[in-house]
Every structure is written in C-alpha cells, then in structure tokens.
Amino acid sequence: DDEWGSRHNFSALENWKQTDPLVLLAHNPDALLSWPEIYPLPALELSGHTHGGQLCLPFIGPIGDAYIKLPKKFYRGLHYHGEVPVFVTTGTGESLGPFRLGAPPEIALLTLEPQK
C-alpha cells in the first residue's frame with residue numbers, strides 16, 4: 001500500500017524467516033517511517049514517488065514538493081535513514097504535467113549482493 005493510503009499491511013512479516021534478507025519495496029520513501037517496531041529494520045528500502053524532484057535548479061535542488069516527510073535529499077539516489085539504506089529512483093514519469101528540469105528520467109539497475 002502507498003503511504004497516502006494509510007493502510008500499510010505488514011502482516012506478511014509474520015511469516016518472514018528472519019535469516020532471509022528483508023527488502024522494503026514501497027512507492028513512497030516515507031514507508032520506512034511506518035515500519036512496525038516489533039520487527040527488525042529492513043536491510044534496504046527501494047522507492048520512487050518523487051520523480052527526483054521533477055523541477056531541480058542548480059545549487060538549489062528541487063523547487064517543488066513531493067510531499068514526503070523525509071528530507072529533500074531523499075528525492076533521488078542512495079541515502080541512509082539511520083542504518084537503513086534507502087534508494088529512490090527518479091523513475092520515468094511525471095506529475096502535474098509532462099516536464100522535467102534537472103531531474104532526468106531513469107530506469108535504475110541495481111545489483112544486490114549478500115553482506116559478508
């Protein structure tokens with residue numbers, strides 16, 4: 001479910017074998033903020049939603065608002081929220097019109113390897 005739907009369903013975690021890596025795949029990067037405290041944090045979060053800010057000016061950054069609670073640095077790329085790496089792709093779409101400035105579309109290809 002999306003963060004805005006206010007219907008997070010983490011019930012699948014009840015069957016999670018805790019020796020398996022846990023990846024949170026969520027449309028909105030804010031999903032990590034709703035993570036249930038009774039479970040260990042995920043090893044990684046993969047998200048989108050922000051379109052990279054869609055309109056970004058040099059030295060200023062995103063001039064719009066993607067309506068997330070996390071700081072604007074989470075609009076794109078790899079950042080950490082506490083100890084959890086959060087990767088946010090700019091994606092290929094747009095919101096409120098077919099335009100982008102300083103936030104080119106992307107299809108991200110990530111290679112995940114187990115920790116040693």
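Criteria and cut-off values
- Residues numbered from 1 in each chain as written.
- Predicted model: local features only at pLDDT ≥ 70, side-chain atom pairs only at ≥ 80, totals over all residues.
- Heavy atoms only, no water.
- Helix = DSSP H or I, 4+ residues; strand = E, 2+ residues; numbered from the N terminus.
- Buried < 20%, exposed > 50% of the residue type's maximum accessible area, 1.4 Å probe, protein only.
- Contact = heavy atoms within 4.5 Å.
- Areas by Shrake-Rupley, 256 points an atom, 1.4 Å probe, with all protein chains shown as cover.
- Lys, Arg positive; Asp, Glu negative; His and termini not counted.
- Charge placed at Lys NZ, Arg CZ, Asp CG, Glu CD.

1. A look at the overall build of the protein
What the protein contains, in helices and strands, is zero helices and six strands. Of the regular secondary structure in the protein, the N- to C-terminal order runs β-β-β-β-β-β. Referenced to the eigenvectors of the C-alpha coordinate spread, the extents of the protein come out at roughly 45 × 35 × 20 Å. Of all 116 residues assigned to the protein, the portion counted as buried reaches 39%. Counting contacts in the protein only where the partners sit at least 6 residues apart, residues at least 24 apart contribute 44% of the total. If you sum the accessible surface of the protein, you get close to 7,900 Å²; carbon and sulfur atoms cover 58% of it. Within the protein, the 13 negative side-chain charges are centred at a point lying 5 Å from the centre of the 8 positive side-chain charges.

2. Observations concerning unusual backbone geometry
Most of the time, phi is negative for any residue but glycine, and the peptide bond is trans. The backbone of Phe59 shows a phi angle near 65°, a positive value even though the residue is not glycine. You can call Phe59 exposed: its relative accessible area is 91%. The phi torsion at Leu96 lies on the positive side, around 60°, for a residue other than glycine. Residue placement: Leu96 occurs in the segment after β6 (84-88). By relative accessible area, Leu96 is classed as exposed at 84%.

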